[in-house]
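# A structural walkthrough
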Amino acid sequence: MNRFEYARPATLADAVAAGAMPGTAYLAAGTNLMDLMKGGVVRPGHLVDITRLPGLDRIERLSDGGVRIGALVRNADLAYDTDFARRFPAVAEALLSGASAQLRNAATAGGNLLQRTRCAYFYDMASACNKRDPGAGCDTVGGENRLHAILGWSERCIAIHPSDFCVPLTALDALVEVEAQYQSKLRPTSVPNNPEADPCANMAQPRSYRLEEVSCRTGLVVSTLVATRLAESQPA
């Protein structure tokens, strides 16, 4: 693991400003980030701890009948919230299907959406991977890829997004709210990066979030300040 600088901002504005520095990663539970750092897959020079930011650990019932899920809400807390699980059983079931009880007790809703791919070639430093080393190629294409993407892939990357949580959010037409130098809302299907557009993008860091209407959103605090909002409507 490389040496890094550590900061713990007290406000959202400070977190956004801290994230504008190149080579920055945001730290919440760290259940994915710490593994990546220990294995040398990512080497941030700056870690911004956002666990103390106010207002992001709440499950809010909205006046229109919807629910707003703060980015720092723990997966277990959301899945076991009685009212939420009753209204959105598919989301609660998806959360409980992922990882172990210990990880669910620590992992956050925002981090769940923004975790990196679990592709073995991404984690293997001896393998070619465009996500880890842009332009290196993709050993997965000609390798062990039975559990990789069938749709939405390119020759540059066939990794799938690992979030079970993202699937029911998409089915329920949820919105993801992003706090940055300006605010934005997008669909959960926009959260995984498009391999055709940029397979090398790291969604969990600023300066790498790509949308159709903006070529590159700079200074995003995505893994920190993502909140999902659900309207109370279930698919038929």
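Structure: see above.
Scope of this entry: the structure provided in the associated data block.

### What about the overall build of the chain?
- Scanning the chain from terminus to terminus reveals 10 helices and 8 strands.
- Counting all 236 residues of the chain, 48% fall into the buried class.
- Sequence-distant contacts, at least 24 apart, represent 58% of the contacts inside the chain between residues at least 6 apart.
- When the accessible surface of the chain is summed, it comes to about 11,800 Å², and 51% of that surface belongs to carbon and sulfur atoms.

### As for unusual backbone geometry
- Even without being a glycine, Ala99 presents a positive backbone phi close to 60°.
- As for its position among the elements, Ala99 is in the loop between helix H5 (89-96) and helix H6 (101-106).
- Judged by relative accessible area, which is 60%, Ala99 ranks as exposed.

### A word on empty space enclosed by the protein
- Going through the model one piece at a time under the given rule, you end up with 1 cavity of 30 Å³ or more.
- When its volume is computed, the largest cavity comes out at roughly 70 Å³.
- A class-by-class count of the residues in the lining of the largest cavity yields 9 nonpolar, 3 polar and 2 charged.

### Here's the deal with the pairing of strand S2 (residues 24-27)
- Along S2, one buried face is formed by Thr24 and Tyr26 and the opposite face, lined by Ala25 and Leu27, is buried too.
- Of the strand pairs in this sheet, S2 and strand S3 (residues 46-49) are connected by 4 bridges, and their pairing is parallel. Bridge pairing in S3 places Tyr26 opposite Val48.
- Once the chain exits S2 it traverses helix H2 (residues 33-38) before rejoining the sheet at S3, and the crossover so formed is right-handed.

### A look at the environment of Gln102
- Along the chain, Gln102 falls in helix H6.
- The exposed category is assigned to Gln102, whose relative accessible area is 60%.
- Counting along the chain gives 26 residues from Gln102 to Ala76, while the straight-line C-alpha distance between them is 9.2 Å.

### Things to note about H5
- Those residues of H5 lying buried are Val91, Ala92, Ala94 and Leu95. For H5, the angular spread of buried residues about the axis comes to 160°, placing them on one side.

### Section: the environment of Leu169
- Its location among the elements puts Leu169 in helix H9 (residues 166-171).
- Along the chain, Leu169 and Phe88 lie 81 residues apart, while their C-alpha atoms are 9.7 Å from each other.

### Quick notes on the nonpolar core
- Membership of the largest hydrophobic core comes to 20 residues, with the highest contact counts inside it found for Ile69, Leu78, Phe84, Val91, Leu113 and Phe165.
- For this core, the elements supplying multiple residues, two or more each, are strand S5 (67-69), helix H3 (75-79), H5, helix H7 (109-114), H9 and strand S6 (175-178).
- The dominant element in this core, judged by the number of residues it contributes, is H7, at 3 residues.
- In terms of nonpolar packing, the next biggest core, distinct from the first, is built from 14 residues, Val42, Tyr121, Phe122 and Ala159 among them.

The rules behind these values
- Residues numbered from 1 in each chain as written.
- Predicted model: local features only at pLDDT ≥ 70, side-chain atom pairs only at ≥ 80, totals over all residues.
- Heavy atoms only, no water.
- Helix = DSSP H or I, 4+ residues; strand = E, 2+ residues; numbered from the N terminus.
- Buried < 20%, exposed > 50% of the residue type's maximum accessible area, 1.4 Å probe, protein only.
- Contact = heavy atoms within 4.5 Å.
- Areas by Shrake-Rupley, 256 points an atom, 1.4 Å probe, with all protein chains shown as cover.
- 1 Å grid on protein atoms, 1.4 Å probe; cavity = no way out; pocket = protein on both sides within 12 Å on 5 of 7 lines; lining within 4 Å.
- Points joined across faces, edges and corners; volume = space filled by probe spheres on them.
- Nonpolar A, V, L, I, M, F, W, Y, C, P; charged D, E, K, R; others polar.
- Pairing = 2+ DSSP bridges.
- Right-handed = clockwise from strand over helix to strand, strands pointing away.
- Arc of directions from axis to C-beta.
- Core = buried A, V, L, I, M, F, W, Y, C linked by side-chain atoms within 4.5 Å.

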